[in-house]
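# Breakdown of the fold
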Amino acid sequence: MAATIVHDSSEAVELCGSRRLYLKPIAKLAITVLWPGLREQSKAVSNWEVMAKLKQMAHPHQFTSIRVSKSALEFVRFEAEVETRALVQTLCVKMNGRLLEAQGSDSALRVLAVESSPEFPSRQEWDDYFQGGEERPDTVHLEALPCKWFSSPDSYSQKPREEIVREVFERFGHLRNMDIPALDVYREEMAGRSSSVFSFAGLQTFDVYLQFEEYEDFLRAMESLRGMRLMLKEGDGKALACNIKVTFDMTSHLSEAAVARRQRERKQLEELEEQRQREKRREREEEEADR
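Residues numbered from 1 in each chain as written. Predicted model: local features only at pLDDT ≥ 70, side-chain atom pairs only at ≥ 80, totals over all residues. Heavy atoms only, no water.

## Focus: the pairing of strand 2 (residues 13–16)
The two faces of the sheet receive side chains in turn, since in a regular strand these alternate between them. Examined bridge by bridge, strand 2 and strand 3 (residues 21–25) share three bridges and lie antiparallel to one another. Paired with glutamate 14 across the strands is tyrosine 22, a residue of strand 3. Where strand 2 hands over to strand 3, the hairpin turn is made up of four residues, of which arginine 20 adopts a positive phi near 55 degrees. (Pairing = 2+ DSSP bridges. Helix = DSSP H or I, 4+ residues; strand = E, 2+ residues; numbered from the N terminus.)

Right, here's the structure in full:
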């Protein structure tokens, strides 16, 4: 996801002060507009007009974004995002139960507004998944981390650095192991796996697997990251934030067997690369000998 400018960072909490990284709560509303009858009777009502009316209703406050999340015969639902959760509460009080006039409808449309909880795995989910097994939940999988935010500030490269990633996330507890697929030059050749480097609107991102030594540290990380965006405070005082995806690993990615398998595959690919280089050198030597 593209990074967006933060205008109000009052609710942000420090993640790693030395790297100017913070966690900012996701602030979303679910706004439902009820049609007075079946949608066919109100089919002349434009979702765009309703959206504009909702923006007027929220004034003087503003949505940072608003979109249609579901449209049905009985209602249309919008997902709106604002700067802070405090503003979410303010707008819920301001908008919930209000009536909205729109062209194409003979009756006023009722508005329902509630805080929207972001999707995030629950403790019950990972407890159920690992119940009765030999493994325990200990690995957090993070996706869409901006490469530049985890790279050396004095380097032109946007490659994330392991020591920086470790510095940032060991605030939750000691890491037993970590894997950044993007840093493995052979990863794409390993059974067709992706190196997990993506670019969204010019923002290059990566993913990382973080295996914690203790379950309590894994739990602390998951609860701390729940419903949060990653925020960077730049040197000029400006702040940027982006959405990241947080899940618990269900692939045993950092199990001893998986790590050993990748090491074997990497060694085979390294040997193959060395063989290619030897063949290229031999071909050059033969060409030079024929001259």
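## Examining the pattern of salt bridges
With the rule as written, the count across this model stands at 15 salt bridges. Note that arginine 176 and aspartate 138 form a salt bridge whose closest N and O atoms lie 3.3 Å from each other. With a gap of 38 residues between them, arginine 176 in strand 10 (residues 175–179) and aspartate 138 in the loop between helix 3 (123–130) and strand 9 (139–146) connect regions that are remote in the sequence. On the basis of relative accessible area, arginine 176 is assigned to the partly exposed category, the value being 37%. Notably, a salt bridge pairs glutamate 170 with arginine 166, separated by 3.2 Å at the nearest N-O pair. With a relative accessible area of 28%, arginine 166 lands in the partly exposed category. Salt bridges linked by common partners bring Lys28, Arg67 and Glu79 together as one network. (Salt bridge = Lys/Arg side-chain N within 4 Å of Asp/Glu carboxyl O. Buried < 20%, exposed > 50% of the residue type's maximum accessible area, 1.4 Å probe, protein only.)

## Some words on a negative patch on the surface
On the surface, Glu279, Glu283, Glu285, Glu287, Glu288 and Asp290 cluster together to form a negatively charged patch. For glutamate 279, the location among the structural elements is in helix 6 (residues 256–290). (Patch = residues over 30% accessible without salt bridge, like charges linked within 9 Å, V, L, I, M, F, W, Y side chains within 5 Å. Areas by Shrake-Rupley, 256 points an atom, 1.4 Å probe, with all protein chains shown as cover. Lys, Arg positive; Asp, Glu negative; His and termini not counted. Charge placed at Lys NZ, Arg CZ, Asp CG, Glu CD.)

## So, the nonpolar core
Core analysis: the biggest nonpolar cluster contains 40 residues, and Phe150 and Phe169 have the highest contact counts within it. Among the elements that make up this core, the one with the highest residue count is helix 5 (residues 215–225) (six residues). Those residues within four positions of phenylalanine 169 in sequence are excluded, and the remaining contacts are Leu15, Leu142, Leu145, Phe150, Leu210 and Phe212. (Core = buried A, V, L, I, M, F, W, Y, C linked by side-chain atoms within 4.5 Å. Contact = heavy atoms within 4.5 Å.)

## Considering the sheet that holds strand 2
A sheet is described by the order of its strands in space; here five strands give the open sequence 1-14-13-3-2, paired in antiparallel fashion. Single-partner strands in this sheet number two, and they are strand 1 (4–5) and strand 2. Pairing of strand 13 (residues 228–233) with strand 14 (residues 239–242) involves four bridges; the strand directions are antiparallel. Paired with leucine 230 across the two strands is cysteine 242, which belongs to strand 14.

## Some details on the packing of helix 3 against helix 5
Contact geometry of helix 3 with helix 5 gives a least axis separation of 11 Å together with a crossing angle of 140 degrees. What the angle tells us is that helix 3 and helix 5 run oblique. Here Arg123, Trp126 and Asp127 of helix 3 lie close against helix 5, whose contacting residues are Tyr215, Phe218, Leu219, Met222 and Glu223. Taken together, the residues of the contact of helix 3 with helix 5 sort by class into five nonpolar, no polar and three charged. (Axes fitted to C-alpha atoms, helices over the stretch in contact; angles between N-to-C directions. Parallel < 35°, antiparallel > 145°, perpendicular 65-115°, else oblique. Nonpolar A, V, L, I, M, F, W, Y, C, P; charged D, E, K, R; others polar.)

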